[in-house]
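What the coordinates show
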Amino acid sequence: MASNQGEGDHTGLPNNQLMATNFFDQEGAAYFGELEEALMHGVAGITSDQDKTSFCTSRPPTLDIFPSWPIRFQQVSKTEGSTDSGSVQNTISQMDSEESPGSRKASSELFGKQKEEMASDSPQTNQKLKTQEKRRLVGSTSDKDGKAVDPKTLKRLAQNREAAKKSRLRKKAYIQQLESSRIKLTQLEQDLQRARAQGMFLGGCGTDGNVSSVFDMEYSRWLDEGCKNTMELRQGLEVHLPDADLRAIVDKCLTHYDQLFQLKATAAKLDVFHIITGMWATPAERCFLWMGGFKPSELLRVIMPQLDPLTEGQLVGLYNLQQSSQQAEEALFQGLEQFQHSLANTVAGDSLIESANVGTYTGHMAVAVGKFANLEGFVRQADNLRQQSLHQMHRILTIRQAARCFLAIGEYHSRLRALSSLWASRPRENLMNESALPVTTELQIVQQPVDGHFSGF
Amino acid sequence: MQYQAAVAAEAWGYMAAAMEGLNRVERLASESAVVVFSVSTCCMCHAVKRLFCGMGVSPAVVELDHEPHGDDMARALARLLGCHGPSAVVPVVFIGGKLVGAMDRVMAAHINGSLVPLLKQAGALWL
């Protein structure tokens, strides 16, 4: 016993020598299989100091970790005395190198684990357990060696080994898949960051996220240009530029708006919801959102008083423009309402209460999705209305008046944007009591005025 | 030989249908001051109908999905408008027998003030 204790952590080591000789045995395979099974079922049981009997009884009789070990161990300990740990170590490394080239690499990993666990055991406990095992084994088989030669047992063990092997391979494959996905993901994230930073994000991928970010970037560029135009208009009016020069600036402004509607049309084709919900605009602008943009008649109502002095003809023209705008807006709005009704009916289907069968459900949903294509048409017509209104203003007014008109429109929208910033940075003390985040309150603001328009979106 | 005859017959059949469609369109368009070619389920068609009603005009509506040779007429209208895409052809508006166009043209005409005179000229509006 003393000699065994002297081996300390390496209680399993002498057996490795034996395993080396056994490896190519018939039984070598069986040996490792049982090893693996045992490890899979939790070799932790070995570390328990106390209940040896419970350890033995809790495990099914077929799973003997070291059927031959106890015998051999005892023999070795008796015959060889204290084994040279160095030679034993060599044996181990030899073992590992023998295993790794083969398909038994996994088993060597498990064996390695088992080594660690063995190392943490108290040698004495191991001793006792092995003795117990040996006794049990001897009892169950007729073989003097204590090897399990029961054919049924062998068959079960083989099956278990197969199952274990399969699950190991599956696990390996899955882990490999996860790893490669992880690498791909980090690469994609890097690419995304790089592309965003460079601003060269071509929206060719077609996913909604890409389209909206492309549009948002282009829109912010458009805004910058708009600010420049507004400044030019203001300066031009202040210095009383000759009409020819002012006309050039005004035409530039008009073209600038045409560009916006072109941008929005392209974006709406790919992601209509981003446009129609005004996610590209600031919260204050979204208060006034009408079909994905400003409401022409409303803008005209705000701007007109500031365009004085106007001639009679101009007043009539602008009044007619406001009228026809309102009629067109009303017509579009009613068309959109009908779209809503139709969509709602499709989504509701035949039975909301009774669970619909999969066929009708998918059918209804497919039709509903198809109907969404109509939304793009409405946004396009609304933008068309906006564009036509601006052009008509340009036609009715003189150059100087048109310059003031576009300046007013630009200034009005930039004040709305400033309003959004002010709102976002307002002092929050009196809001401390409310649990609401600023976002929620913004939403509330948006909810009220937009109600009665198209609050569904 | 038989094949060639069949192809020719098919081509003639196609042309005949196209002629039929165009003829019907032209005939219907000239029957009323304001004619709207529509599809009963189309929301944009509903919008254009509301626009005219809001102005006090009662247009003659041709629902292509309820008409015989509706498909032929739709194809004829598409050719008239010069649109080849999968998007819907309707609504298409004729005033005084002359083609005004699809929704965007009608809207533009209304905004730039040319729609009302056109309607008055066709006798659809009195004021």
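Cut-offs and rules
- Residues numbered from 1 in each chain as written.
- Chains lettered and ligands numbered in written order.
- Predicted model: local features only at pLDDT ≥ 70, side-chain atom pairs only at ≥ 80, totals over all residues.
- Heavy atoms only, no water.
- Salt bridge = Lys/Arg side-chain N within 4 Å of Asp/Glu carboxyl O.
- Helix = DSSP H or I, 4+ residues; strand = E, 2+ residues; numbered from the N terminus.
- Buried < 20%, exposed > 50% of the residue type's maximum accessible area, 1.4 Å probe, protein only.
- Pairing = 2+ DSSP bridges.
- Axes fitted to C-alpha atoms, helices over the stretch in contact; angles between N-to-C directions.
- Contact = heavy atoms within 4.5 Å.
- Phe/Tyr/Trp six-rings, centres within 6.5 Å; stacked < 30°, edge-to-face > 60°.
- pLDDT = per-residue confidence, 0-100.

Right, let's talk about the pattern of salt bridges for a bit. Where charged atoms from two side chains of opposite charge approach closely, those side chains can pair. Residue and element names in this part refer to chain A. On inspection of all chains with the given rule, the structure shows 12 salt bridges over all chains. Between Glu411 and Arg234 there is a salt bridge, with its nearest N and O atoms 3.4 Å apart. Of this pair, Glu411 sits in helix α18 (residues 399–424) while Arg234 sits in helix α10 (residues 208–238), and the two are 177 residues apart along the sequence. One salt bridge connects Arg386 with Asp383, and the closest N-O pair in it is separated by 2.9 Å. Residue Arg386 and its partner Asp383 are located together in helix α17 (residues 373–396), separated by 3 residues, close to a single helical turn. Considered together, Arg386 and Asp383 belong to a single accessibility category, that of buried residues. Taken together, the salt bridges that share partners define one network made up of Arg234, Glu411 and Arg415.

What follows covers the sheet that holds strand β1 (residues 34–38) of chain B. Residue and element names in this part refer to chain B. Spatially, β2-β1-β3-β4 is the arrangement adopted by the 4 strands of the open sheet, whose pairing is mixed. With one partner strand each, in any of the chains shown, β2 (60–63) and β4 (98–101) form the two edges of the open sheet. Going from strand to strand, the sheet's axes swing by 25 degrees on average, the running direction of each strand aside. Sheet analysis places β1 next to β2, joined by 4 bridges and oriented parallel. Paired with Phe37 across the two strands is Val62, which belongs to β2. Sheet strands in contact with helix α2 (residues 43–54) are β1, β2 and β3 (92–95), and its direction is about 165 degrees off that of β1. In the packing of helix α5 (residues 115–122) onto the sheet, contacts are made with β1, β3 and β4, and the angle to β3 comes to roughly 55 degrees.

So, on to the packing of aromatic side chains. All names here are of chain A. Under the criterion given, the structure shown has 8 aromatic pairs over all chains. With centroids separated by 6.0 Å and ring planes inclined at 90 degrees, the aromatic side chains of Phe215 and Trp280 adopt a geometry described as edge-to-face. Here Phe215 is found in helix α10, whereas its partner Trp280 is found in the loop between α12 (272–276) and α13 (283–287), with 65 residues between them in sequence. In terms of burial, Phe215 and Trp280 fall into one category: buried. Seen from their ring centres, Phe273 and Phe372 are 5.2 Å apart, and the 80 degrees between their planes marks the pair as edge-to-face.

Attention now moves to the confidence of the model for chain A. Residues and elements named next belong to chain A. For chain A, per-residue confidence averages 74 on the pLDDT scale, and 58% of positions sit at 70 or higher. Mean pLDDT across the elements of chain A bottoms out in helix α1 (residues 2–6) (43) and peaks in helix α14 (residues 296–303) (96). The low-confidence segment residues 43–58 (pLDDT under 50) makes 22 contacts with residues lying over four places distant or belonging to another chain.

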